[in-house]
Amino acid sequence: MGTADTATVRIGALAPLSRPGWVEAGRHLLAGLELAAREVNGRGGILGKPIELIVRDTAADPAKATAAVDELAQLGVAALVGEYHSVVARAVAARADALGLPFLCSSAVLDALAEQATDWVARLPPAQSYGWRVYADFLLGAGHRRVAVAIQSSVYWAAGVRILRERLAAAGGSLVELDMSTLAPDAVGDALAGHGASALLLLVGYPEPAASIVRAVRSDSRLTPLLIGAPAGQPEFAEWASLLGQDGRAIPFLRYLPEQLSELGVRIEKALREQLAEAPSFVALEGYDTIMVLADVLQYRAEGLTCAQAWARVAVEGTRGKIRFSRVPGIHVWQWAWAPVQVVDRDPEQSERYRILHTG
């Protein structure tokens, strides 16, 4: 590895800032990281040295992210943070583990973030198996026993289907898959005919084909009673509302917020709103919490603790609750178990307002 500038503590920040990545998610994530870095620096930095964020765009590309990790390691970063896309974060985790470089994952939820146990990686968001089970419980509680999914090929989407299918089956429900690699969005209505599904979940890319599927379903009179859902959170971002207008409302999705933010959460939400010039998503809060946690971890590391000892000692009051890490069965990284989980949608009467439909 290269030698770091001893005047700063360099941290490599990874986020999807260009297509086909979810650019709005990357922008919110980076805003949270930057706000927290400024606050840490305002109180003296880490061991008297300011944080320097070195940002790299992953563009939702695992190979590009892996190359960025190697470059950042050569630049002498003390740790890696960020990433939104699970398949990208998994590549980052593998390379960070191989290099012995701490990586605090801000937003990716895939259970198999690492293929084997590692002490170099920790994660803030809840594992997919936890959050998506909460979503399945919401569906069952709302009376949806037969569910269809519009799905594209992806490790992340496939894992989601398994979680949903198991939870639904345990309650006597069922799930049918519509393969969007062979099906055009405007053919979804015909494909659903005869299935008897009362809900259609979007396990597809954003903004397309997700937006086109929503438009097709909303314009099909046969599907008027059908619930459209998006557990991965596509409707969270302002672009969704601008793309779809009224059609984009009342589509339940997962977000990782408590019913009420703490005093700290309220203050940070306000600061991020000013910085972004729009309402911050939970992803921006994840970014903020990431740097606040990592500041403590790097302090512990400077005191001679191993990475595992540093993760284990974390007890940070984050924007969404007290953050502590532990070893969770079946999860190979250090995990906050668990960030608060909500199922929400955009209010049909007012797109900027969210309705909390279920909590887990």
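Summary of the structure given here. (Residues numbered from 1 in each chain as written. Predicted model: local features only at pLDDT ≥ 70, side-chain atom pairs only at ≥ 80, totals over all residues. Heavy atoms only, no water.)

### Considerations on the overall build of the protein
This is how it is decided: A run of H or I in DSSP becomes a helix once it reaches four residues, and a run of E becomes a strand once it reaches two; helices and strands are each numbered from the N terminus. C-alpha atoms define the radius of gyration in this analysis, and the globule rule sets the expected value at 2.2 Å times the number of residues to the power 0.38. Here the term buried applies to any residue with accessible area under 20% of the maximum for its type, exposed to any over 50%, and partly exposed to those in between, with areas from a 1.4 Å probe on protein chains only. Every residue pair with non-hydrogen atoms within 4.5 Å of one another is taken to be in contact. Surface accessibility in these figures is a Shrake-Rupley result with a 1.4 Å probe; residues are shielded only by whichever protein chains are displayed. Charged residues are defined here as Lys and Arg on the positive side and Asp and Glu on the negative side; His and the ends of the chain fall outside this count. Throughout, a charge is located at the NZ atom of Lys, the CZ atom of Arg, the CG atom of Asp or the CD atom of Glu.
Within the protein, the secondary structure is distributed over eleven helices and 16 strands. A compact globule built from 360 residues should have a C-alpha radius of gyration of about 21 Å, and the protein, at 20 Å, falls within 12% of that. For the protein, the spread of C-alpha atoms along the principal axes amounts to about 65 × 40 × 35 Å. Burial statistics for the protein: of 360 residues in total, 56% are counted as buried. Nonlocal contacts in the protein, meaning residues at least 24 apart in sequence, comprise 69% of its contacts between residues at least 6 apart. As presented, the protein carries roughly 13900 Å² of accessible surface, and 50% of it is formed by carbon and sulfur atoms. Across the protein, the mean location of the 34 positive side-chain charges is 3 Å away from that of the 39 negative side-chain charges.

### Thoughts on helix H7 (residues 210-218)
Within the span of H7, buried status applies to Ala 210, Ala 211, Ile 213, Val 214, Ala 216 and Val 217. In this structure, the buried residues of H7 make contact with strand S6 (146-151), helix H6 (188-192), strand S8 (199-203), strand S9 (227-229) and helix H8 (238-244).

### Description of the packing of helix H2 (residues 62-74) against helix H3 (residues 86-99)
Note the threshold: Whenever a helix is involved, its axis is fitted only over the stretch in contact; in every case the axis is a line through C-alpha atoms, and angles between N-to-C directions fall within 0 to 180 degrees. In this scheme, a crossing is called left-handed if the near helix is turned counterclockwise away from the far one by less than a right angle; it is called right-handed if the turn is clockwise. Classification convention: Asp, Glu, Lys, Arg as charged; Ala, Val, Leu, Ile, Met, Phe, Trp, Tyr, Cys, Pro as nonpolar; all other residues, Gly among them, as polar.
Where H2 contacts H3, the axes come no closer than 8 Å and their chain directions differ by 35°. In the crossing of H2 with H3, the sense of the turn from one axis to the other is right-handed. On H3, the residues touching Pro 62, Ala 65, Thr 66, Val 69, Asp 70 and Ala 73 of H2 are Val 87, Val 88, Ala 91, Val 92, Arg 95 and Leu 99. Counted by class, the contact of H2 with H3 contains nine nonpolar, one polar and two charged residues.

### Some words on the side chain of Asp 220
For clarity, the threshold we go by: Side-chain atoms alone can form a polar contact between residues adjacent in sequence; in general such a contact is a pair of N or O atoms within 3.5 Å, and within protein one must be able to donate a hydrogen while the other accepts it.
Relative to the assigned elements, Asp 220 resides in the loop between H7 and S9. Here Arg 222 takes part through its side chain, which lies 2.8 Å from a polar atom of the side chain of Asp 220.

### Quick look at the sheet that holds S6
Heads up, the condition is: Pairing between strands is defined by DSSP: at least two bridges between the two strands are required.
Read from one edge to the other, the open sheet built from four strands follows the order S7-S6-S8-S9, with strand pairing classed as parallel. Each end of this open sheet is capped by a strand with a single partner; those strands are strand S7 (174-179) and S9. Geometrically, the sheet is characterised by an average inter-axis angle of 25° between neighbouring strands, direction not taken into account. Looking at chain direction, S8 and S9 are connected through three bridges and run parallel.

### Considering the packing of aromatic side chains
Our working definition: Think of it this way: a Phe, Tyr or Trp ring, Trp meaning its six-membered ring, pairs with another when their centres are within 6.5 Å, and the plane angle makes it stacked under 30 degrees, edge-to-face over 60, tilted otherwise.
Counted by the stated rule, this structure contains eleven aromatic pairs. Here the aromatic rings of Trp 132 and Tyr 156 are separated by 5.7 Å at their centres, their planes lie at 80°, and the arrangement is edge-to-face. Note that Trp 132 is positioned in helix H4 (residues 128-141) and Tyr 156 in helix H5 (residues 155-170), a separation of 24 residues in sequence. In this pair, the class of Trp 132 matches that of Tyr 156, namely buried.

### A short note on H4
To keep it simple, the criterion reads: Here the expected length of a helix is defined as 1.5 Å per residue gap, with one fewer gap than residues.
In this model H4 runs 20 Å from its N-terminal to its C-terminal C-alpha over 14 residues, within 8% of the 20 Å that 1.5 Å per residue would give. For H4, the tally of buried residues reaches ten of 14 residues, placing the bulk of the element in the interior. Burial in H4 covers these residues: Gln 128, Ser 129, Gly 131, Trp 132, Val 134, Tyr 135, Ala 136, Phe 138, Leu 139 and Leu 140.

### Here we look at the sheet that holds strand S13 (residues 325-327)
Spatially, the seven strands line up as an open sheet ordered S2-S1-S3-S4-S5-S14-S13, and their pairing is mixed. The sheet is open, and its two borders are formed by strand S2 (51-57) and S13, each paired with just one other strand. Between one strand axis and the next, the sheet turns through 25° on average, direction left out of account. Where strand S1 (residues 9-15) meets S2, seven bridges bridge the pair, whose relative direction is parallel.

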